[in-house]
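Structural features, examined
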Amino acid sequence: MSLLCGLPLLECVYCLACTRWVWKRCLYTAGHDSENWGVATAEEFEPVPRLCRYILAVYEDDLRHPVWEPPSGYGIDPDWLLIRRDYGDTLGHAPPYILYLDHNHADIVLAIRGLNLGKESDYAVLLDNRLGKRKFDGGYVHNGLLKAAVWVLEKECDALRELVERHPNYSLTFTGHSLGSGVAALLTIVAVQNHDRLGNIDRRRIRCYAFAPARCMSLNLAVRYADVINSIVLQDDFLPRTATPLEDIFKSVFCLPCLLCLRCMRDTFIPEGKLLKDPRRLYAPGRLYHIVERKLCRCGRFPPVVKTAVPVDGRFEHVVLSCNATSDHAIIWIEREAQRALEIMLEKDEVTEIPAKQKMERQGSLVRDHSQEYKAALQRAVTLSVPHAYSPSEYGTFSVNEDESEHSDDGSSRERPSASSKGNRTKESWDELVKRLLDKNDSGE
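What you see is a predicted model, and the numbers here were worked out from it, not measured in a lab.

1. As for the overall build of the protein
Looking only at helices and strands, the protein has 15 helices and 13 strands in total. Relative to its 445 residues, the protein shows a buried fraction of 53%. Looking at the protein alone, contacts between residues at least 24 apart form 73% of all its contacts between residues at least 6 apart. By element, 55% of the accessible surface of the protein is carried by carbon and sulfur atoms, the whole surface being about 21,000 Å².

2. As for the nonpolar core
Ranked by size, the top nonpolar core spans 68 residues in total, and within it Ile108, Leu110, Val150, Leu160, Phe174, Leu186 and Met217 carry the most contacts. It is helix H6 (residues 143–166) that provides the largest number of residues to this core, a total of 12 residues. When near neighbours in sequence (up to four residues on either side) are disregarded, Leu186 contacts Val141, His142, Leu145, Leu146, Ala149, Cys216 and Met217. Within the second largest apolar cluster, 32 residues are counted, among which are Ile55, Ala111, Leu234 and Ala338.

3. Things to note about the pattern of salt bridges
Throughout the structure, instances matching the rule amount to 18 salt bridges. The partner of Arg85 in a salt bridge is Glu156, with the nearest N and O atoms 2.8 Å apart. Here Arg85, found in strand S2 (residues 81–85), pairs with Glu156, found in helix H6; they are 71 residues apart in sequence, far enough to count as distant. Taking relative accessible area as the criterion, Arg85 reaches 22% and is therefore assigned partly exposed. Put simply, Arg197 and Glu154 hold a salt bridge, and the shortest N to O gap is 3.9 Å. Of this pair, Arg197 sits in the loop between helix H7 (179–193) and strand S8 (206–211) while Glu154 sits in helix H6, placing them 43 residues apart in sequence. Among the residues examined, Arg197 registers a relative accessible area of 24% and is labelled partly exposed. Accessibility expressed as a relative area gives 36% for Glu154, which makes it partly exposed. Each of Glu46, Arg50 and Asp102 takes part in salt bridges that share partners, so that together they form one network.

4. A short note on the layout of surface pockets
The volume enclosed by the largest pocket comes to roughly 850 Å³. If you go around the largest pocket, you meet 29 residues; those closest to its centre are Arg207, Tyr209, Asp227, Val367 and His370. Those elements that place two or more of their residues in the lining of the largest pocket are helix H2 (42–45), helix H3 (47–57), S8, strand S12 (287–292) and helix H13 (356–383). When residues in the lining of the largest pocket are grouped by element, the largest group, 5 residues, is from H13.

5. Digging into the environment of Arg203
Relative to the assigned elements, Arg203 resides in the loop between H7 and S8. Sequence-wise, Arg203 and Val192 are 11 residues apart; in three dimensions their C-alpha atoms are separated by 6.3 Å.

6. So, the packing of aromatic side chains
All told, the structure shown has 4 aromatic pairs when counted by the stated rule. With a centroid separation of 6.2 Å and an interplanar angle of 50 degrees, the aromatic rings of Phe45 and Tyr289 are classed as tilted. Of the two residues, Phe45 sits in helix H2 while Tyr289 sits in strand S12, which places them 244 residues apart along the sequence. Accessibility expressed as a relative area gives 3% for Tyr289, which makes it buried. Between Tyr54 and Tyr100 the ring centres are 5.3 Å apart and the planes differ by 65 degrees, which places this aromatic pair in the edge-to-face class. Taken as a pair, Tyr54 in helix H3 and Tyr100 in strand S3 (residues 97–102) lie far apart in primary sequence, 46 residues in all. Neither residue differs from the other here; Tyr54 and Tyr100 are each classed as buried. These aromatic residues form a ring-pair network of at least three members: Tyr54, Trp80 and Tyr100. Its end group placed over the ring of Tyr87, Lys119 keeps NZ or CZ at 4.9 Å from the ring centre. Across the ring face of Trp333, the terminal group of Arg336 is positioned such that the distance to the ring centre comes to 5.1 Å.

7. Comments concerning the pairing of strand S10 (residues 229–234)
Counted residue by residue, S10 has 6 buried out of 6 residues, so it is predominantly covered. Strand direction decides the pairing type here: S8 and S10, joined by 4 bridges, are parallel. Within S10, the position partnered with Tyr209 by the bridge is Asn230.

8. Describing the confidence of the model for the protein
Summarising the model, the protein shows a mean pLDDT of 82, and 74% of its residues fall at 70 or more. Scored below 50 in pLDDT, residues 394–425 shows 52 contacts in the model against residues more than four places distant or in partner chains. Segment residues 441–445: pLDDT under 50, and 4 contacts once partners within four positions in sequence are set aside and those in other chains are kept.

9. A few points about the side chain of Asp137
Structurally, Asp137 is set in the loop between strand S5 (134–136) and strand S6 (139–141). When its relative accessible area of 7% is taken as the criterion, Asp137 is described as buried.

10. Comments concerning the packing of H6 against H7
The N-to-C vectors of H6 and H7 enclose an angle of 60 degrees; their axes lie 8 Å apart at closest approach. The chirality of how H6 crosses H7 is right-handed. Seen from H6, the contacting residues are Leu145, Leu146, Ala148, Ala149, Val150, Val152 and Leu153; seen from H7, they are Leu179, Gly182, Val183, Leu186, Leu187, Val190 and Ala191. Considering only residue class, the contact of H6 with H7 consists of 13 nonpolar, 1 polar and no charged.

11. A word on unusual backbone geometry
Glycine aside, the phi torsion of most residues is negative, and most peptide linkages are trans. Even without being a glycine, Leu91 presents a positive backbone phi close to 55 degrees. Along the polypeptide, Leu91 turns up in the loop between helix H4 (87–90) and S3. Given the relative accessible area of 66%, Leu91 is considered exposed. Within the chain, Gln235 stands out as a residue other than glycine whose phi angle is a positive 40 degrees.

Cut-offs used in this document
Residues numbered from 1 in each chain as written. Predicted model: local features only at pLDDT ≥ 70, side-chain atom pairs only at ≥ 80, totals over all residues. Heavy atoms only, no water. Helix = DSSP H or I, 4+ residues; strand = E, 2+ residues; numbered from the N terminus. Buried < 20%, exposed > 50% of the residue type's maximum accessible area, 1.4 Å probe, protein only. Contact = heavy atoms within 4.5 Å. Areas by Shrake-Rupley, 256 points an atom, 1.4 Å probe, with all protein chains shown as cover. Core = buried A, V, L, I, M, F, W, Y, C linked by side-chain atoms within 4.5 Å. Salt bridge = Lys/Arg side-chain N within 4 Å of Asp/Glu carboxyl O. 1 Å grid on protein atoms, 1.4 Å probe; cavity = no way out; pocket = protein on both sides within 12 Å on 5 of 7 lines; lining within 4 Å. Points joined across faces, edges and corners; volume = space filled by probe spheres on them. Phe/Tyr/Trp six-rings, centres within 6.5 Å; stacked < 30°, edge-to-face > 60°. Lys NZ or Arg CZ within 6 Å of the ring centre and 35° of its normal. Pairing = 2+ DSSP bridges. pLDDT = per-residue confidence, 0-100. Axes fitted to C-alpha atoms, helices over the stretch in contact; angles between N-to-C directions. Left-handed = near helix turned anticlockwise from the far one by under 90°. Nonpolar A, V, L, I, M, F, W, Y, C, P; charged D, E, K, R; others polar.

See below:
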């Protein structure tokens, strides 16, 4: 009898808990993710809309006669387009990409397009993974995306090395959207690890811009490479927020809202500290730039604001229940809002009329601030007991002395301390990596 009397009370508690959860999730907006982050400057954000247009150019069959050109154009000189690979060239190993020599900005750009919903080969890259399948550089990465990255570098290594040596003052930029963002991010790590194959290029000349990034690497790698990898997220974009494996997302593409809602409920009741200690859990890579343009309980789009940080905890851990969760993933919307955000930044700089000397000082200060923020993130990862995380003293990347100490007098590279090098293990050579990742795939075993 007493048990039956307690059932209504349990029902009330359950209903109140569900109501509380729905209330919290409905009021949770994308702005909460980056509310404590710093505001990005025009100097650091300048490449973003330009690289968006380069990615859009990959979709064109003929850049001399473009069909899908945005209002501002692609900003590409067809004579500087060195390599163009379509699906017939990549044979399903990687998405299509271009190699562009940008003389105007002293940049060597390899831009990779996003997922093509009509291509089985793109799905094959996404589905080639399972939780904890591929360990790399002391962490975990998405197996299919790593294979694609290794294939691209193996294919274009000679061309990239020739360009790097011919233009010693140019930076080397890898960029991509969605599926291509994961390939670009892992391609950056592979290039840093095997810089000797690219003419011993300095780490500070390599950079990556990942748009609407896929979760492709474990947290220790995401933080460790934040000095070279930058991820750009537009407002409510679902892909950087859901830890659901990519293969599960695209297997469930026709009931994606249901999947996201279920994942949202599951993650709500799991302590974040427990999630941080899972070494196989994948995250969006590098430094994060969050473009915020909508506000709670307000209609329409507001002038976009760009926030940036190298977070460790609170790294886009909650899916936003929003009707824009999928539209904010589109590269065309990212390009438009990034361009608007950059124009607003430049207008503010013009109003304040900053002298050239102060601009140079601000750029130097920006580099120092990013360096300090990056080292603080590395230290925080150690403090939070993130698996395989290393403190700045053990893994420094901004110190000139540390960068120079990596190279011996004969120009050979020395191994940095990392989880993969701990103990008696030696760094895997490029040929060993290619054989391990690609040969079995090519032979069909």
